Amino acid sequence: MKIYYYHTRPIHEALQEWHEKKHPGHILYGLTHFSQHGITCVLHKYRKYSSRLWLMCYNWWQVLVAGKQCRVVYGTSFYGLEILIFMRALGLFRKPIVVWHHQAIVRSHNPFKEQISRFFYRGIDLMFFFSHRLVADSQQAYKVPVHKMKVIDWGADMDFYNHLREVKKKDVEPRFISTGKEHRDFATLLSAFSETHIPLVVYSAKSNGQRNYSDILNTFGQKGQDNIAIHFVDGIIPYRLAAEVASSTAVVVACLPYPYTVGLTTVVEAMALGLPVVATRNAWYPMDIDAEGIGITVDYGDVNAWKNAVRYLWEHPQVARKMGQRGRQLAEQKFNLEAYTRQMSEAILQRFGKT
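About the cut-offs
- Residues numbered from 1 in each chain as written.
- Predicted model: local features only at pLDDT ≥ 70, side-chain atom pairs only at ≥ 80, totals over all residues.
- Heavy atoms only, no water.
- Pairing = 2+ DSSP bridges.
- Helix = DSSP H or I, 4+ residues; strand = E, 2+ residues; numbered from the N terminus.
- Axes fitted to C-alpha atoms, helices over the stretch in contact; angles between N-to-C directions.
- Parallel < 35°, antiparallel > 145°, perpendicular 65-115°, else oblique.
- Left-handed = near helix turned anticlockwise from the far one by under 90°.
- Contact = heavy atoms within 4.5 Å.
- Core = buried A, V, L, I, M, F, W, Y, C linked by side-chain atoms within 4.5 Å.
- Buried < 20%, exposed > 50% of the residue type's maximum accessible area, 1.4 Å probe, protein only.
- Nonpolar A, V, L, I, M, F, W, Y, C, P; charged D, E, K, R; others polar.
- Salt bridge = Lys/Arg side-chain N within 4 Å of Asp/Glu carboxyl O.

Draft legend 1. Structural context of the sheet that holds strand 5 (residues 126–129). One open sheet accounts for 6 strands, arranged 2-1-3-4-5-6; its pairing is parallel. With partners counted over all chains shown, the strands left at the sheet margins are strand 2 (40–43) and strand 6 (149–151), one partner each. Along the sheet, successive strands turn relative to each other by an average axial angle of 25 degrees, direction set aside.

Structure representation (structure tokens):
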């Protein structure tokens, strides 16, 4: 089957870097492994627009021109595909549309927006979700039938991290590391570490979306605490950040309270690298970090709980190593690129593969 592959990021450069083992394949949501399951991809020509309307118009035209021979339009997000989806809902576009839905479907308090949203979702034929909790929450909106929603065990590119582990095994430093930037709770994280002597290195952008991190990060950076190092990064640099994580002994994922899988990418990366995690407790994660024994979770904004958790792992390195090993096993068994691409491919082929 031939599908039109749409991503919200540049595709060709990332795919080339993946071949060179410089880019983790799981961020490409199946592109690297679809061919193993009888699916070929026509790649979307990425172009950045400051206007969302122009982006939607450009993407709509690209799909109509380049996707003529494709049976399905597959998107890693519906962002930028809205015109196409409305056309599908109106019956003016005949190809099935499959997208990843990164958050739960919700109801709007505005009656007009609610009706528009209900009509919009009629134009999506299949949605992939990261966890059962997201699907359960989406069902409460009563907008999409359950047969259009499927949970995928999204996980890491094990080959990429196996290579990285081999390259970086002699460079490991005893330290905790934070690399995420989406809805991060740096105030709680840095407050906790500032009251310990445990080394922490933070890699983050100065801002993400409407959230400005530079003030809080600069405030702690200017205090001159020897155990905390803060680095600002720009752009998409997954290899560099993954290399820094591979050179650490534990991963921290401090997030703000948002009802979806904030920080999941960081967690699955830690699992693939065999590192324990300390994370804000997130009921929307597909795995139970505490129950699986791959790390420790703490409540939102709980500075004391963060201090206790990182101190425990720091003072019990054998326990930390065991947690990392269990995380690695879980990644090998379930949460990995090959497994989740197989799940997606089967769903697409079973649903839309018949001639």
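Draft legend 2. Highlighting the packing of helix 6 (residues 158–168) against helix 9 (residues 238–246). Close contact between helix 6 and helix 9 brings their axes to 9 Å; oriented N to C, the two are set at 55 degrees. Comparing their axes, helix 9 and helix 6 come out oblique. Crossing of helix 6 against helix 9: the hand is right-handed. Residues F160, Y161, L164 and K168 of helix 6 lie in contact with helix 9, whose contacting residues are Y239, A242, A243 and A246.

Draft legend 3. Region of the structure containing the nonpolar core. Core analysis: the biggest nonpolar cluster contains 89 residues, and Y74, W100, M127, F128 and M287 have the highest contact counts within it. Counting 25 residues, the second largest nonpolar core, distinct from the first, contains F186, F193, I198 and V278.

Draft legend 4. Spatial organisation of the environment of M158. Tracing the backbone shows M158 in helix 6. Note on M158: relative accessible area 12%, which makes it buried. Sequence separation between M158 and N336 is 178 residues, and the spatial gap between their C-alpha atoms is 6.5 Å.

Draft legend 5. Summary view of unusual backbone geometry. Even without glycine at this site, Y29 takes up a positive phi of about 50 degrees. Tracing the chain through its elements places Y29 in the loop between helix 1 (12–19) and strand 2. Although it is not a glycine, H183 adopts a positive phi angle of roughly 50 degrees. Relative to the assigned elements, H183 resides in the loop between strand 7 (176–178) and helix 7 (186–194). Given a relative accessible area of 18%, H183 falls into the buried group.

Draft legend 6. Highlighting the packing of helix 2 (residues 52–66) against helix 3 (residues 82–90). Two numbers describe how helix 2 lies on helix 3: the axes approach to 7 Å, and their chain directions differ by 60 degrees. In this view, helix 2 runs oblique relative to helix 3, as classed from their interaxial angle. Touching R52, M56, C57, W60 and V63 of helix 2 are E82, I83, L84 and M87, all from helix 3. Classifying every residue of the contact of helix 2 with helix 3 by side-chain character gives 7 nonpolar, no polar and 2 charged.

Draft legend 7. Main features of the pattern of salt bridges. Tallied over the entire structure, the rule returns 12 salt bridges. The residue R107 makes a salt bridge to E114 at a minimum N-O spacing of 3.9 Å. Under the relative-accessibility criterion, R107 is labelled exposed at 51%. The residue E173 makes a salt bridge to R175 at a minimum N-O spacing of 3.9 Å. Via salt bridges that share partners, R107, E114, R118 and K143 belong to a single interconnected network.

Draft legend 8. Geometry of the sheet that holds strand 11 (residues 228–232). Across the sheet, which stays open at both edges, the 6 strands sit in the order 11-8-7-12-13-14 with parallel pairing between neighbours. Of all strands in the sheet, those with a lone pairing partner are strand 11 and strand 14 (295–298), marking the two edges. Sheet twist, expressed as the mean angle between neighbouring strand axes with direction ignored, is 20 degrees. Summarising the sheet, strand 8 (residues 200–204) and strand 11 pair through 5 bridges and their orientation is parallel. Across the sheet, Y203 pairs through a bridge with H231, a residue of strand 11.

Purely spatial values, then, with no claim about function.
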